[in-house]
Amino acid sequence: MIDFQNGSVFKLNQVDASVGQQSVAPLLLQDETVAATFKGSRDMVVFTSKRIIAVNIQGITGKKVDYSSLPYARVQAFSVETAGAMDRDSELELWFSGLGKVKLEFGGSVDIKWVGQWIAFHCL
């Protein structure tokens, strides 16, 4: 599983949702859709209508991939931090029952308020 406490792994920027769709298509349920995809250098986080899927590309060749499924139904609390003048990154922290805290860092161009609204819609 991905070490979510190491936020430096997740400097995520938004990419076209189809990138995430291609990557996680075999994992999706029949009525599940991809809403947004955020990508780091190799890894990505895909927000679907039912969960967050963290995709961790492993190894030199990148053929080994770890998919971590984080269902919205298990979110107990969350926090959104917007970018500032000195700190240009924004953050999303989620507390999951049975897993603990998951921290994702986003580039300053990401609309973190939309991310917060998306999480709220699916968790509250």
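Figured I'd write up the structure that's included with this text. None of these values were measured; they are calculated from a predicted model.

## Here we look at the sheet that holds strand β4 (residues 51–58)
Phase 1: The strand order β5-β4-β3-β2-β1-β8-β7-β6 describes an open sheet built from eight strands, whose pairing is mixed. Two strands bound the open sheet, and with one partner strand each, they are β5 (64–71) and β6 (75–81). Strand after strand, the sheet turns through a mean of 25° between neighbouring axes, direction not considered.
Phase 2: Sheet topology note: the strand β3 (residues 44–48)/β4 ladder contains four bridges and is antiparallel. Following the sheet pairing, M44 is matched in β4 by V55.
Phase 3: Packed on one face of the sheet, helix α1 (residues 17–24) meets β1 (11–15), β2 (34–39), β3, β4 and β5 and runs near 95° to β2.
Phase 4: Taken strand by strand, helix α2 (residues 112–123) contacts β2, β3, β4, β6, β7 (90–96) and β8 (100–106), and its axis lies near 165° from that of β6.

## Things to note about α2
Phase 1: Its 12 residues give α2 an end-to-end C-alpha distance of 16 Å, which sits within 8% of 16 Å, the value for a rise of 1.5 Å per residue.
Phase 2: All of the buried residues in α2 are I112, V115, G116, W118 and I119. For α2, the angular spread of the buried residues around the axis is 160°, confining them to a single face. Across α2 from its buried face, at more than 90 degrees, point the exposed residues K113, Q117 and F121.
Phase 3: Contacts from the buried residues of α2 go to β2, β3, β4, β6, β7 and β8.

Cut-off values and rules
- Residues numbered from 1 in each chain as written.
- Predicted model: local features only at pLDDT ≥ 70, side-chain atom pairs only at ≥ 80, totals over all residues.
- Heavy atoms only, no water.
- Pairing = 2+ DSSP bridges.
- Helix = DSSP H or I, 4+ residues; strand = E, 2+ residues; numbered from the N terminus.
- Axes fitted to C-alpha atoms, helices over the stretch in contact; angles between N-to-C directions.
- Contact = heavy atoms within 4.5 Å.
- Expected span 1.5 Å × (residues − 1).
- Buried < 20%, exposed > 50% of the residue type's maximum accessible area, 1.4 Å probe, protein only.
- Arc of directions from axis to C-beta.

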